[in-house]
Each structure stands twice: as C-alpha cells, then as structure tokens.
Amino acid sequence: MTAVQSVERPTMECETQHFLMAQRQLDEIAQEMGLDPELHERLRYPKRSLIVTIPVRMDNGTVRSFTGYRVQHDVTLGPAKGGIRFHPEVNLGEVAALAMLMTWKCSLMGLPYGGAKGGIRCEPWNLSLGEQERLTRRYTSEIINLIGPDKDIPAPDMYTNEQTMAWIMDTYSINVGHTVPSVVTGKPVSIGGSFGRTEATGRGVAYCARRAVSHIGLKKESPTVVVQGFGNVGSITARLLHDTGYKIIAVSDVHSGLHNPKGIDIPRLQAYVSEMGKVKGFPHADEITNAELLGLECDVLVPAALGDQINDRTVNKLKCKIVVEGANGPTSPDADMKLHEGGILVVPDILANAGGVTVSYFEWVQGLMHLFWSEEEVNNRLEQIMGRACDQVFEMTVKTGLRPRMSALRIGVGRLAEAKRLLGLYP
Ligand code: NAD
C-alpha cells in the first residue's frame with residue numbers, strides 16, 4: 001500500500017537525500033503493516049518547519065547572519081522533543097529527517113512526545129564562547145513561539161551541551177517573565193537537570209549491547225567490543241561495558257583509533273583523553289585508522305560517532321556479530337539489509353540510543369513535579385523502559401522475521417497510527 005500521492009503537493013524544500021532516506025524507511029514499514037494510505041501521506045512530512053536568520057555580533061565588531069532551523073515532525077502524543085545541533089552541514093532536510101526519527105523513537109519508547117529537531121548552520125569550533133552564547137540566545141528568541149514545556153522541548157545534540165541548554169532556558173525564562181526549567185532538557189543539575197542524564201545514552205547503548213548478546217545466545221565471559229567515537233556516547237558505552245567484564249579491543253575518535261586485542265584499559269584511557277583531548281598517543285595500544293577499526297573481528301561493534309559509517313563501501317568489511325547503533329543513522333538502508341542477510345544483528349538507533357531522550361523525559365517530569373530523583377532511581381527506571389522496548393523489538397523480530405529496525409519502526413509507527421485514528425481529523 002503506498003501513500004496517497006497528492007498532485008497538488010510540490011517537491012518540498014526538505015526533500016534532500018537524507019530526508020528521502022527517512023521517508024523511504026517509513027514507506028517500507030507502511031507497506032509492510034498495511035498502513036492507511038491517507039495517514040501514511042500525513043506522516044511522510046513534518047508538521048511545522050521554521051527557518052530563521054540569526055544576526056550575531058562577532059568578537060571583531062562585525063555582524064554575521066547564520067541560518068537556523070526548528071522542525072516539528074509530529075505532536076500527536078504530546079509536545080515535540082528533539083535536540084539542537086550546531087554544524088556546517090545542518091540543513092532543512094537533515095533536521096526534518098532527524099525530527100521524523102525522533103517521532104518514531106519517542107513512540108517506540110512509550111514517551112508522551114512527538115519528534116522535533118533543530119540546528120544552526122555554523123562552525124562551532126571557530127566561534128568563541130561569547131559568540132556561541134549570543135548565537136544561542138538570538139536563535140532561541142527567533143524560535144520562541146514554537147518552544148515551551150507544553151509545546152516543544154529542545155535538548156543537546158552535536159556540538160551543543162548543557163551550557164547551551166542553560167542559555168536557552170535563561171533566554172526563554174526572561175522572555176516569559178519567570179523561570180521555566182522544563183523548556184529544555186540536558187541542562188546542568190544545579191538548574192534543574194537530572195542525575196544520570198549525561199551518561200543516559202551510553203548507559204542505554206551498553207544495556208542494549210548486553211541484551212543483544214544474550215538474544216543471540218553468545219555464551220562468552222568477555223565478549224569483544226569495538227567502539228567508533230569516544231565522545232559522550234562512545235566513552236560511556238565503552239566504560240560501562242568494560243566495567244561489566246566486556247573486552248573493549250578498539251576505540252577511535254575523529255583523529256585516529258586504538259587497537260589492543262587483549263583489551264584497552266578504558267578508565268585509564270578516559271583519564272588520558274580528558275587530559276590530552278584525543279585518543280592518539282595512548283601508550284597501551286596500537287594506532288589504527290577508522291577504516292581499519294570497522295573491519296576488526298569482534299562480537300559487538302558500536303558506531304557512536306557520525307551518520308552513514310556503515311554503507312555500500314564499508315559493509316562488506318564488517319566482521320562482527322552485533323551492531324549496536326549509538327550514533328543516529330550510522331547504517332545506510334542497503335547496508336542494513338545486507339547485514340540482516342549476513343546474519344548480523346543490528347540494534348537500531350531509535351532503540352539503542354533512546355536512553356538519552358528517556359532520561360530527558362525523566363528530567364522534564366521531575367521539573368514539572370518539582371520533585372527530584374536519585375541517580376539510582378533514574379538508572380532503574382531507565383533500565384525498565386529500555387528493557388521493555390528491547391523485549392518488544394526482539395519479540396516482533398522473531399514473530400515477523402522483519403529486520404530489528406523495521407520491527408522497531410513498526411511498533412513506533414503503529415502506536416502513533418492508533419493514536420491518530422482515535423483522535424480523528426480536525427475539523
Ligand atoms: P560527541 O561530540 O561527544 O562525540 C563524538 C565522537 O565522535 C568524538 O569522539 C569525535 O572525535 C568522534 N568522531 C567525529 N567524527 C568522527 C569520524 N569521522 N570517525 C570517528 N570518530 C569521529 O557526540 P556524542 O554526544 O557522543 O554523539 C555521538 C553520536 O550519538 C551522534 O551521532 C549523536 O547524534 C548520537 N546521539 C547522541 C546522544 C547524546 O545524548 N549525546 C543521544 C542520541 C544520539
């Protein structure tokens with residue numbers, strides 16, 4: 001069953017390669033589950049897209065204008081939720097595609113949110129802290145009509161962090177005249193952030209890795225792990241798996257990789273990276289390239305850096321049993337199919353990296369209640385929600401023979417479709 005192709009709808013500005021890939025995923029699952037074609041057509045496009053020009057006074061006194069975006073893909077199940085990234089490659093299509101993914105992710109995890117994403121096209125590494133602050137504050141005021149604790153709640157993403165969230169919260173609060181912590185998540189604990197939020201995505205990835213290992217029946221005391229990317233997600237995943245007895249045999253960052261078949265001492269590497277800023281030069285491992293890292297024989301491969309790392313060019317090199325997607329969109333649709341055919345289990349991004357948005361949800365709830373939980377409580381609740389979602393996806397995979405990505409989408413899209421059916425169409 002295909003979406004209703006309305007003759008009046010021209011090609012939309014968001015229809016970039018990246019967005020078309022997200023649409024293709026939806027089309028595939030819509031066909032598989034026999035989704036109502038009119039509903040399918042509605043879900044193929046974002047609900048709202050805003051493009052803003054952001055003038056910023058630079059340190060040298062000149063004024064430079066940046067382009068920013070905020071896209072809400074869906075708001076059926078609750079306010080929109082999604083990160084804000086600063087990157088030179090940010091464009092409407094990328095933001096719209098990521099907003100759509102957020103819709104499926106929130107629905108899959110059973111969170112009362114729709115999906116959103118935002119971003120500013122800039123080179124954050126070339127901006128001073130003051131320039132970043134002015135850029136963030138002006139962007140916030142340009143999108144202020146869209147956001148709010150009941151409307152749309154931003155969070156950090158690539159090259160934004162808890163400081164960025166603090167600036168957004170402050171700008172929003174000043175404009176409405178009172179403090180509104182729940183307008184953002186991923187903010188510092190001292191201003192209403194949640195314990196466990198910084199580690200939440202890596203914790204969820206590590207949890208999924210362990211569940212996947214037992215799902216395929218791998219009976220090994222120390223499964224071997226390769227992690228691409230040693231930032232927030234990659235380093236926490238590596239640390240937590242290391243602490244539960246897994247052997248992390250390789251890691252990498254943007255500069256280079258490290259390999260030690262006997263296992264890398266992750267706490268020592270973390271200390272080294274916080275001092276040196278990169279993994280290169282760590283004395284207890286051999287240096288390898290990112291391309292070599294992807295082809296290493298291991299039980300679990302965790303791509304935790306960029307999108308499109310496992311693609312037509314790299315997929316045939318993989319020698320792992322399981323891929324757990326820490327990053328968003330690290331595997332192309334064709335590569336995903338190939339991995340499935342080759343018997344490699346892929347735990348898809350909308351499940352594997354959903355720990356971040358799940359603890360963001362906890363942060364939002366705690367902020368609205370003005371009642372804060374201990375780190376232990378946060379982690380226990382996270383494991384409960386991740387465990388439930390893992391079980392549902394693996395069960396669906398066994399029952400239907402679908403790839404795990406399609407099983408996850410089927411659950412996410414199915415829940416939303418049911419909600420839309422019950423709510424009906426206004427007017
Ligand atoms: P980060 O900026 O903290 O870390 C990124 C890491 O990737 C760094 O170590 C960087 O050096 C490395 N890297 C960059 N380019 C690389 C390349 N070409 N090859 C190898 N390594 C490279 O970012 P993060 O927060 O850890 O996010 C990583 C991924 O996880 C992103 O795709 C992000 O969208 C996704 N994600 C993050 C969260 C979160 O809560 N942080 C939640 C969901 C998804």
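Given the structure is predicted, the values throughout are model-derived calculations rather than measurements. (Residues numbered from 1 in each chain as written. Predicted model: local features only at pLDDT ≥ 70, side-chain atom pairs only at ≥ 80, totals over all residues. Heavy atoms only, no water.)

Before going further, it helps to examine the environment of lysine 220. Within the fold, lysine 220 resides in the loop between helix H6 (197-215) and strand S6 (224-228). With a relative accessible area of 42%, lysine 220 lands in the partly exposed category. When the C-alpha atoms of lysine 220 and tyrosine 246 are compared, they prove to be 9.3 Å apart, with 26 residues separating the residues in sequence. (Helix = DSSP H or I, 4+ residues; strand = E, 2+ residues; numbered from the N terminus. Buried < 20%, exposed > 50% of the residue type's maximum accessible area, 1.4 Å probe, protein only.)

On to the sheet that holds strand S10 (residues 300-303), then. Across the sheet, seven strands lie side by side as S9-S8-S7-S6-S10-S11-S12; this open sheet has mixed pairing. The open sheet has two edge strands, strand S9 (286-288) and strand S12 (345-347), and neither has a second partner. The average angle at which neighbouring strand axes cross in this sheet is 25°, direction not considered. Two elements, strand S7 (residues 247-252) and strand S8 (residues 257-259), share three bridges in a ladder whose sense is antiparallel. The partner of alanine 250 across the bridge, within S8, is histidine 259. (Pairing = 2+ DSSP bridges. Axes fitted to C-alpha atoms, helices over the stretch in contact; angles between N-to-C directions.)

Below, the discussion takes up the pairing of S6. Counting buried residues in S6 gives five out of five residues, a clear majority hidden from the surface. Of the two faces of S6, the one carrying Thr224, Val226 and Gln228 and the one carrying Val225 and Val227 are both buried. In this sheet, S7 lies alongside S6 in parallel orientation, the contact comprising five bridges. Counted as the bridge partner of valine 225 is isoleucine 248 from S7. A crossover connection joins S6 to the parallel S7 through helix H7 (residues 232-243); in handedness this β-α-β unit is right-handed. Alignment of S6 against S10, held across four bridges, turns out to be parallel. Residue pairing for S10: valine 225 is matched across the bridge by valine 300. (Right-handed = clockwise from strand over helix to strand, strands pointing away.)

Function cannot be read off these values alone, since they describe shape.
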